[in-house]
Amino acid sequence: MALWTLGVFASLYAGYLKPELRVTCSNLSSVVNGLATIMMFVFIDPQVSLMTDDVVEGRLTDGRFRRAITSLIGARFVGTLLAQFLLVPSAFLIIRVAEAI
């Protein structure tokens, strides 16, 4: 979730810090968001799908499923908070990548 939050904001901030690379930095936001989406697709979605199937088939209780979903919501909140601390380092990383391109 931190990567998803950082994608746009770090790219915009990198463009502000290095105006001559502003367009390149801005376009790198899609790369960051793409990586975050792939990670979500690989790690989170299969587990939630399996848990949903287990609830439908009665192998998992509704309460346990609700706790898992609540944990995911909490993880999103923590990821958003973590993104606040990673904003500046991520912007500098995006600048370095933009300079290398």
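A few points on the structure. (Residues numbered from 1 in each chain as written. Predicted model: local features only at pLDDT ≥ 70, side-chain atom pairs only at ≥ 80, totals over all residues. Heavy atoms only, no water.)

## Quick notes on the pattern of salt bridges
Here is step 1 of the chain: With the rule as written, the count across this model stands at four salt bridges.
Here is step 2 of the chain: For Glu20, the salt bridge identified is with Lys18, shortest N-O distance 3.6 Å.
Here is step 3 of the chain: Among the salt bridges present, the one from Arg59 reaches Asp54, with a minimum N-O distance of 3.0 Å.
Here is step 4 of the chain: Among the ionic contacts, a cluster of salt bridges with common partners joins Lys18, Glu20 and Glu99. (Salt bridge = Lys/Arg side-chain N within 4 Å of Asp/Glu carboxyl O.)

## Re the nonpolar core
Here is step 1 of the chain: One finds Ala14, Cys25, Ile94 and Ala98 to be the most contacted residues of the largest nonpolar core, which totals 13 residues.
Here is step 2 of the chain: The dominant element in this core, judged by the number of residues it contributes, is helix α4 (residues 62-100), at five residues.
Here is step 3 of the chain: Every residue in contact with Cys25, bar those within four places of it in the chain, is listed here: Ser11, Ala14, Gly15, Ile94, Ile95 and Ala98. (Core = buried A, V, L, I, M, F, W, Y, C linked by side-chain atoms within 4.5 Å. Buried < 20%, exposed > 50% of the residue type's maximum accessible area, 1.4 Å probe, protein only. Helix = DSSP H or I, 4+ residues; strand = E, 2+ residues; numbered from the N terminus. Contact = heavy atoms within 4.5 Å.)

## Focus: the layout of surface pockets
Here is step 1 of the chain: Roughly 340 Å³ of volume is contained in the largest pocket.
Here is step 2 of the chain: Taken together, 14 residues form the lining of the largest pocket, with Met1, Trp4, Met39, Met40 and Ile44 sitting closest to its centre.
Here is step 3 of the chain: Every element with two or more residues in the lining of the largest pocket is listed here: α1 (2-17), α3 (29-56) and α4.
Here is step 4 of the chain: For the lining of the largest pocket, the residue count by class is 12 nonpolar, no polar and two charged.
Here is step 5 of the chain: Estimates place the volume of the second largest pocket at around 210 Å³.
Here is step 6 of the chain: Leu3, Leu6, Ala10, Leu28, Val31, Val32, Leu35, Ser90, Leu93, Ile94 and Val97 are the residues that line the second largest pocket. (1 Å grid on protein atoms, 1.4 Å probe; cavity = no way out; pocket = protein on both sides within 12 Å on 5 of 7 lines; lining within 4 Å. Points joined across faces, edges and corners; volume = space filled by probe spheres on them. Nonpolar A, V, L, I, M, F, W, Y, C, P; charged D, E, K, R; others polar.)

## Here's the deal with the packing of aromatic side chains
Here is step 1 of the chain: Counted according to the given criterion, the structure contains one aromatic pair.
Here is step 2 of the chain: With centroids separated by 6.1 Å and ring planes inclined at 20 degrees, the aromatic side chains of Tyr13 and Tyr16 adopt a geometry described as stacked. Placement of the pair is Tyr13 and Tyr16 together in helix α1, with a separation of three residues, close to one helical turn.
Here is step 3 of the chain: Residue classification places Tyr13 among the partly exposed residues on the basis of a relative accessible area of 29%. (Phe/Tyr/Trp six-rings, centres within 6.5 Å; stacked < 30°, edge-to-face > 60°.)

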